[in-house]
Amino acid sequence: MTTSSYKVAVIGATGLLGRAVASELAGVTRWDVVRTAFRRGDSTTETLDIRDEKAVHQFIDFHAPDAIVVTAAERRPDVCENDPTLARTLNVDALRFIADAARDGGAWVLSISTDYVFDGTKPPYQPDDTTNPLNAYGRSKLEGERALLAANSRSCVLRLPLLYGPVIDWSESAVTSLTPSIVDSARPAGIPAVMDAWAIRYPTFTPDVAVVIRQLLERCENGNATSGVVHWSGNEPMTKFEIAEHIAQVLRVDANITAQRTPLDLTPRPKDCYLSSRLLEEMGIGRRTPFDKAIRDVLQRSM
């Protein structure tokens, strides 16, 4: 019987992206994968509060992982805008705790960031382009990037755009969260669904991101760890209005969807933050599932 010589810790393995990553890595049988969750710990997942610096150090010291994937964060822009202290605690301070402990243990860290570090005025964006976040979420994620790379120069930041994938609850993704109002708008007494038709998004399938992360981990295992900032993105530009139209077609409902062509969000959002994935593509990394195929799979699992 052989034992694994490469250990990966997935911190935040029960969230939207974390579940996809844990599932993808489960297929790499030569790796020992340790998973953590904040509230949903079970026999295969350890409970870890990443806001607790002592607990983070104890976890990393005990498991001594070779690599750490951090998918835990506060990702809701409106929540960050209303509670910047919470945003900083989860997106900056906790990441610094992980980076410090990983540096002491010699682990490579991959952390997830966002396209919202840019202001959306000059796409496409390369990893080294000037950042200018418009809201508290983007600012906290950018500060988290800097904290991670300052504490552990071997680390890697993977910036991603709007994510969607298999969900436990519609609200887990800004894509699937549109579904209830789309369905309701098709009922005889339903309320018309007003959808943003101003900001351009690039919905990105979490199982595809999980493949990217697995490939980056394989490079690290082979002594070619990627450091600094990299981007991955879906390549189908859509407004929320257009996303809603696709969802309605998949559900085969005659939805009453109205386009809102000026931004109404109280939290400022960028217009177009398309992330160039060229660097990873040149490394032979990446997978993209067409949106219609992926969202059909997601909806069929969840309805």
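Note that the structure is a prediction, hence the values are computed from the model and not measured.

To continue, consider helix α4 (residues 84-105). In this model α4 runs 31 Å from its N-terminal to its C-terminal C-alpha over 22 residues, within 8% of the 32 Å that 1.5 Å per residue would give. Taking the largest bend as the criterion, α4 deviates by roughly 25°, centred on leucine 90. Turning to α4, its buried residues number three or more, namely Ala87, Leu90, Asn91, Val92, Ala94, Leu95, Phe97, Ile98, Ala99, Asp100, Ala101 and Ala102. Contacts made by the buried residues of α4 are with β1 (6-11), α2 (53-63), β4 (67-70), α3 (77-82), β5 (108-114) and α5 (136-151). Where α4 terminates, the next one or two residues include glycine 106, which has phi positive at roughly 80°.

Sheet strands pair via backbone hydrogen bonds, and the direction of the pair is either parallel or antiparallel. Here we have seven strands laid out as an open sheet, ordered β3-β2-β1-β4-β5-β6-β10, and parallel in their pairing. The open sheet has two edge strands, β3 (45-47) and β10 (228-231), and neither has a second partner. When strand polarity is set aside, the average angle formed by the axes of neighbouring strands in this sheet is 25°. The strands that helix α1 (residues 16-26) touches are β1, β2 (31-37), β4, β5 and β6 (156-160); relative to β1, the one it contacts most, it runs at about 160°. This element, α2, spans β1, β2, β3 and β4 of the sheet and lies at about 165° to β2.

Moving on to the packing of α1 against helix α7 (residues 206-221). Close contact between α1 and α7 brings their axes to 8 Å; oriented N to C, the two are set at 55°. Comparing their axes, α7 and α1 come out oblique. Handedness of the α1/α7 crossing: right-handed. On α7, the residues that touch Leu16, Leu17, Ala20, Val21, Glu24 and Leu25 of α1 are Thr206, Pro207, Val209, Ala210, Val211, Ile213, Arg214 and Leu217.

Before going further, it helps to spend a moment on the nonpolar core. With 33 residues, the main nonpolar core has Leu158, Ile213 and Leu217 as its most contacted residues. Beyond its immediate sequence surroundings of up to four residues, leucine 158 is in contact with Leu110, Ser111, Ile112, Ser113, Val209, Val212, Ile213, Val230, His231, Trp232 and Leu280. Ile11, Leu48, Val56 and Ala94 belong to the second largest nonpolar core, which has 25 residues in total.

Calculation rules
- Residues numbered from 1 in each chain as written.
- Predicted model: local features only at pLDDT ≥ 70, side-chain atom pairs only at ≥ 80, totals over all residues.
- Heavy atoms only, no water.
- Helix = DSSP H or I, 4+ residues; strand = E, 2+ residues; numbered from the N terminus.
- Expected span 1.5 Å × (residues − 1).
- Bend = angle between axes of the 7 residues up to and from the residue.
- Buried < 20%, exposed > 50% of the residue type's maximum accessible area, 1.4 Å probe, protein only.
- Contact = heavy atoms within 4.5 Å.
- Pairing = 2+ DSSP bridges.
- Axes fitted to C-alpha atoms, helices over the stretch in contact; angles between N-to-C directions.
- Parallel < 35°, antiparallel > 145°, perpendicular 65-115°, else oblique.
- Left-handed = near helix turned anticlockwise from the far one by under 90°.
- Core = buried A, V, L, I, M, F, W, Y, C linked by side-chain atoms within 4.5 Å.

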